[in-house]
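# Overview (structure and organization)
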Amino acid sequence: MAEAVSVALTGADLADLASIRRRAILSCAIGNFFELFDFTIYGYFAVAIGRAFYPDGSMFSTFATFGAAFLMRPVGAIVLGAYGDRMGRRAALVVTIGLMAAATGFTGLIPSYQSIGVWAPILLLVCRLMQGFSTGGEWGGAAAFLVEYALPGKRGLIGSMQQTSTQIGALSGSLSAALLASTLSQEDFFAWGWRIPFVVGFALGPIGYYLRRKVAETPAFERAVEHRIVERSPFLTAIREYRSRMLQAFGLSIIGCMANFIFVIYLVSYAINTMKLPAGSALSCAVVSGLILVTLTPIVGHLSDRVGRRPMILACALLNLVFDYPLFLLAVRGGTFGSLLAALMVNAVFQSLYTGVIPSILAEMFPTRVRYTGLSVSYGFAVVLFGGFAPLISTWLVQVTGNPLAPAFYIMIGGAISAIAILSMREPLNAPLD
């Protein structure tokens, strides 16, 4: 009888643990969706935002403001990463979603340059810096949160939910942009239509905030608190003891950041402005690209639990190194909806080898006491140096060289750097989350 009761209790405990894990994944996924939807719609509405907030409608100024948000990502990674390693992952993730909701709502409500003059771009910049700060803490916190909740043999799959939910957020942003551009007149779209997703995104914020307030802290962090190994200065400890791992994490993160922002943000805007494709058609290509990523990311994450993380992300780096120039040649020289669509679809397949693995591979590289900080700072600096300013640098490269294919060489350099970083590290598959 005692044995039967023990078995029953064990089964109930396991069921309860599974339920807690599902709630944790859901709360994190919804927050990721909200964060990336709000953050990326700026890129999809770059043309409209340029016309609304800058007197000459300059895409260079628009992308400069887009990139400026990424300057705050390392700051957010350091500040919120340290907070998450000291006070818990949940506490930090509640802060990030509150900040993002406020910044998003204000962005959609800022009057145009014609109404308030120079204050319009200034207020826009403030909102973007706030978004960058919160996203700097969101990405690493979500990755650590999910991987710490996952069973050892399912970290790739569960961790990939972070990127799957963010890709759904980005996909929703591109879909909303495509729908608005297709259904509204051009005059209405540029006058007020682009503001709708920002207001909708702000309204979704309280849902994510509520869910994160209700979820339990991760078992790994609770063990760290119980054993009194919580660091007082996680950032300094990470720099002092795990400098080489942070450099490797920084290097392997580069290619995904570059490929995403150059193909999906820069190339789509280039197609609208320079190739003169209709906005709805160009944005539809981004929608298809997003669908591919959403579909393949969890599949790659699941496969990485069997074959390892390094083979997947190394393949992404090498494929971009070899094929990005032909893909740019296809999109730019082809100059059609079909050529742009084909280039984005192929790149999305390459990108899935990165998105399916990046949360788990980074989380497994660091111990619990500095995990949030280590992976947030490493990834945050990769994003700011090679991701956020990638559209701006691509625009500059084309202007300076006169070669519309110049951004392809820029991505290829990133692929080479990432490949070197990946080859220098050990396979972290199922490393203990001590």
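Values in this document were obtained by computation on a predicted structure and should not be read as measured data.

Here we come to the environment of Pro-391. Looking at where Pro-391 falls in the secondary structure, it is placed in helix α18 (residues 390–401). Along the sequence, Pro-391 and Tyr-270 sit 121 residues apart, while their C-alpha atoms lie 9.6 Å from each other.

This next bit is on the packing of aromatic side chains. Taken as a whole and assessed by the stated rule, the structure comprises ten aromatic pairs. Ring geometry for Phe-263 versus Phe-328: centroids 5.4 Å apart, planes at 70°, classification edge-to-face. Linking Phe-263 in helix α12 (residues 243–273) with Phe-328 in helix α14 (residues 310–334), this pair joins segments that are 65 residues apart in sequence. An identical accessibility class is assigned to Phe-263 and Phe-328; each is buried. Considering the side-chain rings of Phe-323 and Phe-350, the 6.0 Å spacing of their centres and the 40° angle between planes classify their relative orientation as tilted. Of this pair, Phe-323 sits in helix α14 while Phe-350 is found in helix α15 (residues 337–355), placing the two residues 27 residues apart along the sequence. The exposure class assigned to Phe-350 is buried, which follows from its relative accessible area of 8%. Among the aromatic residues, those joined into a cluster by ring pairs are Phe-53, Trp-194 and Phe-198.

Soluble, globular proteins show a tendency: their nonpolar side chains are buried together. Phe-328 and Leu-362 are the most contacted members of the largest nonpolar core, which has 105 residues in total. Of all the elements, α12 adds the most residues to this core, at 18 residues. Setting aside its immediate chain neighbours within four residues, Leu-362 contacts Trp-139, Ala-249, Leu-252, Ser-253, Leu-375 and Tyr-379. Counting 13 residues, the second-largest nonpolar core is a separate cluster that includes Ala-92, Leu-146, Tyr-149 and Val-215.

Taken as a whole, the protein shows an average pLDDT of 85; of its residues, 94% reach a score of 70 or greater. The model gives residues 1–10 a pLDDT under 50, and that stretch makes zero contacts with residues more than four places away or in other chains.

A separate point is helix α6 (residues 119–149). Along an α-helix, residues three or four positions apart point the same way, because every turn accommodates 3.6 residues. The terminal C-alpha atoms of α6 lie 45 Å apart, and with 31 residues this matches the ideal 45 Å at 1.5 Å per residue to within 8%. Taking burial as the measure, the 31 residues of α6 include 24 buried ones, the bulk of the element.

What follows is about the environment of Thr-295. Mapping Thr-295 onto the fold places it in helix α13 (residues 279–307). Judged by its relative accessible area of 48%, Thr-295 is partly exposed. On a C-alpha basis, the gap between Thr-295 and Val-349 in space is 9.9 Å, while along the polypeptide they are 54 residues apart.

A cluster of nonpolar residues, Ile-116, Val-118, Trp-119, Ile-122, Leu-123 and Val-126, forms a patch on the protein surface that exposes about 510 Å² of accessible area. The greatest single-element share of the nonpolar patch, amounting to four residues, is contributed by α6. Leu-123 gets classed as partly exposed once you look at its relative accessible area, which sits at 35%.

It is worth spelling out the pattern of salt bridges at this point. A full pass over the atoms with the stated rule returns ten salt bridges. Here Glu-148 ties to Arg-371 by a salt bridge, and the two come within 2.7 Å at their closest N and O atoms. Taken together, the positions of Glu-148 in helix α6 and Arg-371 in helix α17 (residues 371–388) put the pair 223 residues apart, joining distant regions of the chain. In this structure, Glu-148 and Arg-371 share a single accessibility class: buried. Of the charged contacts, one joins Arg-240 and Glu-241 as a salt bridge, the two residues approaching to 3.9 Å between their closest N and O atoms.

What counts, and where the lines are drawn
Residues numbered from 1 in each chain as written. Predicted model: local features only at pLDDT ≥ 70, side-chain atom pairs only at ≥ 80, totals over all residues. Heavy atoms only, no water. Helix = DSSP H or I, 4+ residues; strand = E, 2+ residues; numbered from the N terminus. Phe/Tyr/Trp six-rings, centres within 6.5 Å; stacked < 30°, edge-to-face > 60°. Buried < 20%, exposed > 50% of the residue type's maximum accessible area, 1.4 Å probe, protein only. Core = buried A, V, L, I, M, F, W, Y, C linked by side-chain atoms within 4.5 Å. Contact = heavy atoms within 4.5 Å. pLDDT = per-residue confidence, 0-100. Expected span 1.5 Å × (residues − 1). Patch = residues over 30% accessible without salt bridge, like charges linked within 9 Å, V, L, I, M, F, W, Y side chains within 5 Å. Areas by Shrake-Rupley, 256 points an atom, 1.4 Å probe, with all protein chains shown as cover. Salt bridge = Lys/Arg side-chain N within 4 Å of Asp/Glu carboxyl O.

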